[in-house]
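Fold and geometry: a report
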Amino acid sequence: MKVLVIGAGGREHVLAFKLKQSPLINEIHVIPGNGAMKNIATVHTDIDEANHEKIVDFAKTQNVSWVIIGPEQPLTEGLTDKLQTENIKVFGPNEAAAQIEGSKLFAKQLMEKYDIPTAAYKETNNKTDALAYIDTCEFPIVLKKDGLAAGKGVIIANNIDEAREGIDILYSEENGTVVFEQFLEGEEFSLMTFVNQDYAVPFDCIAQDHKRAFDNDEGPNTGGMGAYCPVPHIDKGMIERTNKEIAQPIAQAMAKEGYSFFGVLYIGAIITKDGPKVIEFNARFGDPEAQVLLTRMESDLMQHILDLEAKQPIQFKWKKDAVVGVMLASKGYPGTYNKGEVVSGFTLDGRYFVSGLNKVDQHYVTSGGRVILALGEGSDISEAKANAYEAVDQIQSNALFYRSDISDKAIKQK
Ligand code: AMP
Ligand code: GLY
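What comes next concerns the included structure. These numbers were taken from a predicted model, which means no experiment stands behind them.

With that out of the way, let us pick up the site of ligand 1. By nearness alone, 14 residues border ligand 1, and Lys144, Glu181, Leu184, Glu188 and Glu280 come closest of all. Between ligand 1 and lysine 144, the relevant distance is 2.9 Å, taken from an oxygen atom to a side-chain nitrogen or oxygen of the residue. Within the side chain of lysine 211, a nitrogen or oxygen atom sits 3.2 Å from an oxygen atom of ligand 1. Alone, ligand 1 offers 470 Å² of accessible surface; in the complex the protein occludes 94% of this. Across the shell around ligand 1, the residue classes tally to 6 nonpolar, 2 polar and 6 charged.

Right, let's talk about the sheet that holds strand E22 (residues 363-366) for a bit. Within a sheet, adjacent strands bond to each other through the backbone by hydrogen bonds, running parallel or antiparallel. Taking strand neighbours across the sheet as the criterion, the 3 strands line up as E19-E22-E21 in an open arrangement whose pairing is antiparallel. Of all the strands in the sheet, the pair left with one neighbour each is strand E19 (342-343) and strand E21 (357-360). As judged from the 2 bridges shared by E19 and E22, these two strands associate in the antiparallel manner. If you follow valine 343 over to E22, its bridge partner there is tyrosine 364.

In the segment running from cysteine 229 into proline 230, the intervening peptide bond is cis, with an omega of -10 degrees. Looking at the element boundaries, proline 230 is found in the loop between strand E15 (226-229) and helix H9 (236-256). Positive phi outside glycine occurs at asparagine 63, with the angle close to 55 degrees. Looking at where asparagine 63 falls in the secondary structure, it is placed in the loop between helix H2 (52-61) and strand E4 (66-69). Here aspartate 217, not a glycine, exhibits a phi torsion of approximately 55 degrees, which is positive. Relative to the assigned elements, aspartate 217 resides in the loop between strand E13 (212-214) and strand E14 (218-221). On the basis of relative accessible area, aspartate 217 is assigned to the partly exposed category, the value being 32%.

What follows is about the pattern of salt bridges. Taken as a whole and assessed by the stated rule, the structure comprises 24 salt bridges. Arginine 284 is the partner of glutamate 72 in a salt bridge, and the nearest nitrogen-oxygen pair spans 3.1 Å. Of this pair, glutamate 72 sits in helix H3 (residues 72-76) while arginine 284 sits in the loop between strand E17 (275-282) and helix H10 (289-296), placing them 212 residues apart in sequence. We note that glutamate 72, like arginine 284, is buried. The closest approach of N and O atoms between glutamate 377 and lysine 319, which form a salt bridge, is 3.3 Å.

Ordered by their spatial adjacency, 4 strands build an open sheet running E11-E10-E16-E17, and the pairing between neighbours is antiparallel. The two strands at the open ends of the sheet, each matched to only one other strand, are strand E11 (199-202) and E17. Averaged over all adjacent pairs, the angle separating strand axes in this sheet is 35 degrees, with direction ignored. Most of the contacts of H9 go to E17, to which it runs at about 45 degrees, and overall it touches strand E10 (187-196), E11, strand E16 (262-272) and E17.

The rules we used
Residues numbered from 1 in each chain as written. Chains lettered and ligands numbered in written order. Predicted model: local features only at pLDDT ≥ 70, side-chain atom pairs only at ≥ 80, totals over all residues. Heavy atoms only, no water. Near = heavy atom within 4 Å. Polar contact = N/O pair within 3.5 Å; in protein donor to acceptor, adjacent residues only side chain to side chain. Areas by Shrake-Rupley, 256 points an atom, 1.4 Å probe, with all protein chains shown as cover. Nonpolar A, V, L, I, M, F, W, Y, C, P; charged D, E, K, R; others polar. Pairing = 2+ DSSP bridges. Helix = DSSP H or I, 4+ residues; strand = E, 2+ residues; numbered from the N terminus. Buried < 20%, exposed > 50% of the residue type's maximum accessible area, 1.4 Å probe, protein only. Salt bridge = Lys/Arg side-chain N within 4 Å of Asp/Glu carboxyl O. Axes fitted to C-alpha atoms, helices over the stretch in contact; angles between N-to-C directions. Contact = heavy atoms within 4.5 Å.

Structure representation (structure tokens):
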């Protein structure tokens, strides 16, 4: 089988790496990919991820069996629909179903209609209404821009002044939708769920991301600064409850409303005193959750996709070992940062997955905010963490920073 992966980051790097191990696949292409994937796939950096016409043309002329879409942008812009029109199979939802990630309001309205547990919310459509609304609020409150924001469009306001500041930021123009949410307290986790319309199969291994830029969950929100799996202090009962109260009902709800979701639904959940609630849905694998989960996955990802297509049981198999991944990011991220800084010292054997590096001549230089994820495996989280930081120490660059407490939530609970 010939497979095409869309995307250029660490998630797509691990997708290509994992798919390469499948006996079902003999050829992997990545559009646009990055230089670090060249030993596992044919990389087409000359084709733009946003050039849907070229991607469809490539898939057709190359007789690609499956296209696997990594990032949210092509999903919400309808790449799946265009490929399906040409009878090409796609893992990743169409434009209508991808709204579950692309529009916070769409997701909230669906959850409200089908009684799926999530924070109470209120939307405003202009700045004047938003400013009037916060006069009536209790704090803290969460402000979210409606639309894709790479994990960076969320503001937690502890008082009315911070809420006003937040409104100023999110309403750079007078009109637009902002969703205000009740602030939920609790521990978060990420549950990837395979979904084919009303058929939903959650992974029986969850991961935990670290969204804030700095140690102790301080600093601004990012796309994710590190992840680990499994999460030993969140038990099977909680995963089962999340499946029953969130995963199954949302798949049923989407199917009932006529949204045809095929792909992976990312459930960002928070454990409140009333049980698990939805913080966000994504229409794709998490990044860096995918890097740790697919490293731990022993079973065949491509086989799982085929079983999902046929609505057959999916039999996951996981390594016994735990996996911890630490993100190295450009100093300044998620704000402004330099590009073109040299990074060296890493290997391309599954211990590192590259998010933002370009190969220029014989060396790699930074091309993005999140740069490279260093992984460690071990018989428990502490050992995996020690191995991950050993991998971090191998990397030579003075343009990067990282958190030093990835996976500590699991270690402290022991
Ligand atoms: P999101 O992009 O919606 O996942 O939000 C990013 C992060 O903001 C989440 O991972 C949470 O840490 C935090 N957050 C979002 N919504 C809420 C909420 N309603 N209550 C508490 N924290 C939240
Ligand atoms: N790591 C969070 C996300 O992929 O959205």
